[in-house]
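Structural description and commentary
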Amino acid sequence: MTGGGFLRRVLTQNLELKFLALVIGLAIFYSREREEIAERTLQVDVMTIGEQSLGDLVRVSPLPGKIEIAVRGPKRQVAGLRADQIGPLALSLRAAVEDGRIELRRDMFNLPDGVRMLWADPAAIEFRFERRATKTVPVVLDLSGTARDVVVDLERTTAEPAEVAITGAESVVGSINELRTLRIDLADRRPGMFVQEVGLAVPRLESLSAAVDSVRASIALVPDLVDSERTGLPVEIVRGTDFEPGGTLVYGAEGLRAAVRVRGLRSVVELLDASALHLFAQVERSAFVDRDGDGVLEAEVPAAPDAALGEAFYGAVLKKP
């Protein structure tokens, strides 16, 4: 038997079985290959480096908080990968200033050998820069509504410091004319002075910073006093005791009416009816004089409110009728 004939028989006999064995072998090979190779996506943190090299430039373009990266490689390696192992992604601001954008590549991530990057989202990061500017702006206290009959004494209410320096991109700094504080609730506060450390509501922009984070607010609260003028009030004339023996004088001021200005708590004064205001004038003999020599004694007698009104308002000033 020649060698060529033997080889032909080996290759041609039982072809169906040989083909079936080949198919099974390939299926087993590819099945094992699929089990050993895996793909996965991870969320990687982003950071910038080289801020000190920017000089008077400030980055004003937003920076994504995370980069999504898809990797492919041996199953065990890929399954054991953690985001903090392959990141954070460090972006050079010096390169960003020169090129205006940074395209993401595999060598930017700490990937083990045999693991490749399929894609990254975003695939590139655009950068924009502006000149740095500094400005000092006043601090404004953000005060909420006060309790009834209580108001803020603005002249005695202050913030320390009263002005704060801000630094950032020119376009941002130029648009800010004041810094407001966080809300200070005054609803339960009574009259008096109180001091509170309160934070500043600085806009949350990476390109903006303030010299301080908070200020010391000194707030003066006082009673809410108002003036109200009431006119045409009758005045009761009260005779002095030294007139009683004679009893012959006639008071010509019985019909006198006066105007009164009442000062007190807003809620009390606004509800105070004119009928509740009782005025009187105390007449004493020593007050009378004959000023023009016509034999008629005259006296200028101040009118006064009823003492009982002292509980309703802080005081009354009577005007000349």
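Just so it is clear, the structure is predicted and the values come from calculations on it, not from any experiment.

Let's shift gears to the pairing of strand β1 (residues 37-49). Bridge count for β1 against strand β3 (residues 66-74) is nine bridges, and the pairing is antiparallel. Among the inter-strand pairings, Gln-43 is bridged to a residue of β3, identified as Glu-68. Inspection of the sheet shows β1 paired to strand β4 (residues 89-92) by four bridges, in the parallel sense. Within β4, the position partnered with Thr-48 by the bridge is Leu-91.

Of the consecutive residues Asp-121 and Pro-122, the connecting peptide bond is found in the cis state with omega at 0°. Cis geometry marks the peptide bond from Glu-160 to Pro-161; its omega dihedral reads 0°. Relative to the helices and strands, Pro-161 resides in the loop between β10 (158-160) and β11 (163-169). Positive phi, close to 65°, is recorded for Asp-149, a residue that is not glycine. If you trace the backbone, Asp-149 turns up in the loop between β8 (129-140) and β9 (150-152).

So, about the pairing of β11. Examined bridge by bridge, β8 and β11 share seven bridges and lie antiparallel to one another. Counted as the bridge partner of Thr-134 is Thr-167 from β11. Here β11 pairs with strand β14 (residues 208-210) via three bridges, running antiparallel. Within β14, the residue paired with Gly-168 across the bridge is Leu-208.

As a further point, take a negative patch on the surface. Where like charges cluster on the molecular surface, the negative patch consists of Asp-290, Asp-292, Asp-294 and Glu-298. Along the chain, the position of Asp-292 falls in the loop between β18 (279-283) and β19 (303-305).

What the second largest pocket holds in volume is close to 190 Å³. Contributing to the lining of the second largest pocket are 14 residues, with Glu-51, Val-58, Arg-59, Arg-132 and Glu-206 lying nearest its centre. Of the residues forming the lining of the second largest pocket, the biggest block, three residues, is contributed by strand β2 (residues 57-59). Class assignment of the residues belonging to the lining of the second largest pocket gives a composition of five nonpolar, five polar and four charged.

We now examine the pattern of salt bridges. Taken as a whole and assessed by the stated rule, the structure comprises 15 salt bridges. The salt bridge involving Glu-130 is made with Arg-128; its shortest N-O contact spans 3.7 Å. Accessibility expressed as a relative area gives 48% for Arg-128, which makes it partly exposed. By sharing partners, the salt bridges in this structure join Asp-142, Glu-178, Arg-180 and Arg-183 into a single network.

Turning to the nonpolar core, a few remarks are in order. Ile-67, Ile-69, Val-71, Leu-91, Phe-109 and Phe-127 are the most contacted members of the largest nonpolar core, which has 27 residues in total. Elements supplying a minimum of two residues to this core: β1, β3, β4, α5 (93-99) and β6 (116-121). A per-element tally of this core places β1 first, with four residues. In this structure Ile-67 touches Leu-42, Gln-43, Val-44, Val-46, Leu-89, Leu-104, Phe-109, Ala-120, Asp-121, Pro-122 and Ile-125, once residues within four positions along its chain are discounted.

Applying the stated rule across the entire model yields one aromatic pair. Judged by centre distance (6.2 Å) and plane angle (10°), the rings of Phe-127 and Phe-129 are stacked. For the pair Phe-127 and Phe-129, a shared accessibility class is recorded, and that class is buried. The ring of Phe-194 carries Arg-189 above its face, with NZ or CZ at 3.9 Å from the centroid.

About the criteria used
Residues numbered from 1 in each chain as written. Predicted model: local features only at pLDDT ≥ 70, side-chain atom pairs only at ≥ 80, totals over all residues. Heavy atoms only, no water. Pairing = 2+ DSSP bridges. Helix = DSSP H or I, 4+ residues; strand = E, 2+ residues; numbered from the N terminus. Patch = residues over 30% accessible without salt bridge, like charges linked within 9 Å, V, L, I, M, F, W, Y side chains within 5 Å. Areas by Shrake-Rupley, 256 points an atom, 1.4 Å probe, with all protein chains shown as cover. Salt bridge = Lys/Arg side-chain N within 4 Å of Asp/Glu carboxyl O. Lys, Arg positive; Asp, Glu negative; His and termini not counted. Charge placed at Lys NZ, Arg CZ, Asp CG, Glu CD. 1 Å grid on protein atoms, 1.4 Å probe; cavity = no way out; pocket = protein on both sides within 12 Å on 5 of 7 lines; lining within 4 Å. Points joined across faces, edges and corners; volume = space filled by probe spheres on them. Nonpolar A, V, L, I, M, F, W, Y, C, P; charged D, E, K, R; others polar. Buried < 20%, exposed > 50% of the residue type's maximum accessible area, 1.4 Å probe, protein only. Core = buried A, V, L, I, M, F, W, Y, C linked by side-chain atoms within 4.5 Å. Contact = heavy atoms within 4.5 Å. Phe/Tyr/Trp six-rings, centres within 6.5 Å; stacked < 30°, edge-to-face > 60°. Lys NZ or Arg CZ within 6 Å of the ring centre and 35° of its normal.

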